[in-house]
Amino acid sequence: MFQSESPLGDYLRARRALIQPEDVGLVTLKARRVVGLRRDEVATRAGISQEYYLRLEQGRDRQPSDQVLRALGRALLLDDDALEHMTRLTRLRGLQTRSSRTVPFSQPIDAGVRALLGAWDHTPGYVMDGNQDVLAANDLARAMAPGALEPGVNLPLLVFSDAARAADPNWRETAERTVATLRFGADPDDPRLREIVGQLSIRDADFRRLWARHDARPHYVGPVDHWIPPFGRVTLVCQTLLIPGQSGELLVLFHAAAGSVGERALASLGDGLKQASGGASETQERSATVA
């Protein structure tokens, strides 16, 4: 589960297992020995030979054409995000083998991005890599989610914890989204990804079930709930932006609708940070005067 010689084959097997014959208009009169579609059924729907499809699942052919990938996408009822993920699996493996890859998937954050992040005092924001390791966060983001949006925190490990389960009434939805974005954004050959998946697979049955589905989709924009005292659980909008020139790093920002409780909550957090900063500055000035 932690390492595969054929990510494309794993993906094809997982996706065809999720499709029932009736989903694609097939009528079955006998009991089936496989879960989901059979290999020959996928091959027929995609217009390729059964032998060639078997080679793809077994990892003996790792470079199908774009035409074949699109045909497989239609056969497996993949949406655009899932098709992009499947295509990326073949491209990653085609560019470099696991043994020859030397460039890390995640690189240091650009200094300009750090400066921009720090300049936003009304917008919570953080930077994460494809493995969802938090690399940087501004003060408002850390105040919004104490202990969660700190550099060094891994979000999947955090989400699949007892504390997160107890605190999030929409935990199942959060968990599904987290696993799908991890699949979509991470490099399957990255040792850090294997470390995260290994830890969670050992300790968490829900993670094992979701990871085995091979769902892969980004979360570019959408509502998320945060608990912000004394306002309680408020709804914010999460906006995710790909940082150009970096390797899979994402800038994640939060904002709220005008006039909403979420807007008031973020304004209150910002005011609190300014007051705390102002108090610290006054203390420093008095100390300097006495000295």
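Asks: Explain the overall build of the chain to me, and be specific about the residues and the numbers.
Replies: What the chain contains, in helices and strands, is 13 helices and five strands. The contacts in the chain between residues at least 6 apart in sequence include a share of 56% that link residues at least 24 apart.

Asks: Mind laying out the nonpolar core, listing which residues take part and the relevant values?
Replies: Among the nonpolar cores identified, the biggest contains 24 residues, and Y126, M144, L149, L155, I228, L236 and F254 are the most heavily contacted of them. Elements represented by at least two residues in this core include exactly strand 1 (125-128), strand 2 (134-137), helix 7 (139-144), strand 3 (221-228), strand 4 (232-242), strand 5 (250-255) and helix 13 (261-290). Beyond its immediate chain neighbours, meaning those up to four positions away, M144 contacts P124, L149, H226, W227, I228, L236, F254, L266 and L269.

Asks: I'd love a proper account of the environment of M128, names of residues and values included.
Replies: Residue placement: M128 occurs in strand 1. Remark: the alpha-carbon pair of M128 and G248, spanning 120 residues in sequence, is separated by 8.7 Å. Once residues within four sequence positions are removed from consideration, M128 is found in contact with D133, V134, L135, L155, G248, E249, L250 and V252.

Asks: Any details on unusual backbone geometry? Residues and values, ideally.
Replies: At the junction of P229 and P230, the peptide bond is cis and its omega measures out at -5° in the coordinates. Positionally, P230 belongs in the loop between strand 3 and strand 4. Of note in this structure, L77 is not a glycine but carries a positive phi near 60°. Within the secondary structure layout, L77 lies in the loop between helix 4 (66-75) and helix 5 (80-95). Phi is positive for Q132, which is not a glycine, with a value near 65°. Its place among the elements puts Q132 in the loop between strand 1 and strand 2.

Asks: Which residues make up the packing of helix 1 (residues 7-17) against helix 3 (residues 50-58), and what are the values?
Replies: Where helix 1 meets helix 3, the closest approach of the two axes is 6 Å, and the angle between their N-to-C directions is 115°. Between helix 1 and helix 3, the angle is such that the two are roughly perpendicular. Across the interface between the two elements, L8, G9, L12, R13 and R16 of helix 1 pack against Y53, L56, E57 and Q58 of helix 3. Looking at the contact of helix 1 with helix 3, its residues break down into four nonpolar, two polar and three charged.

Asks: Which residues make up the packing of aromatic side chains, and what values go with them?
Replies: Think of a pair of aromatic rings as described by two things: how far the centres are apart, and how the planes are tilted against each other in angle. Within this structure, the stated rule accounts for four aromatic pairs. Judged by centre distance (5.5 Å) and plane angle (85°), the ring pair of F160 and W171 falls under edge-to-face. Taken together, the residues span a long stretch of sequence, with F160 in the loop between helix 8 (155-159) and helix 9 (162-167) and W171 in helix 10 (residues 171-185) at a distance of eleven residues. Overall, the relative accessible area of 2% leaves F160 in the buried class. Classification of W171 by relative accessible area gives buried; the value is 7%.

Conventions adopted
Residues numbered from 1 in each chain as written. Predicted model: local features only at pLDDT ≥ 70, side-chain atom pairs only at ≥ 80, totals over all residues. Heavy atoms only, no water. Helix = DSSP H or I, 4+ residues; strand = E, 2+ residues; numbered from the N terminus. Contact = heavy atoms within 4.5 Å. Core = buried A, V, L, I, M, F, W, Y, C linked by side-chain atoms within 4.5 Å. Buried < 20%, exposed > 50% of the residue type's maximum accessible area, 1.4 Å probe, protein only. Axes fitted to C-alpha atoms, helices over the stretch in contact; angles between N-to-C directions. Parallel < 35°, antiparallel > 145°, perpendicular 65-115°, else oblique. Nonpolar A, V, L, I, M, F, W, Y, C, P; charged D, E, K, R; others polar. Phe/Tyr/Trp six-rings, centres within 6.5 Å; stacked < 30°, edge-to-face > 60°.

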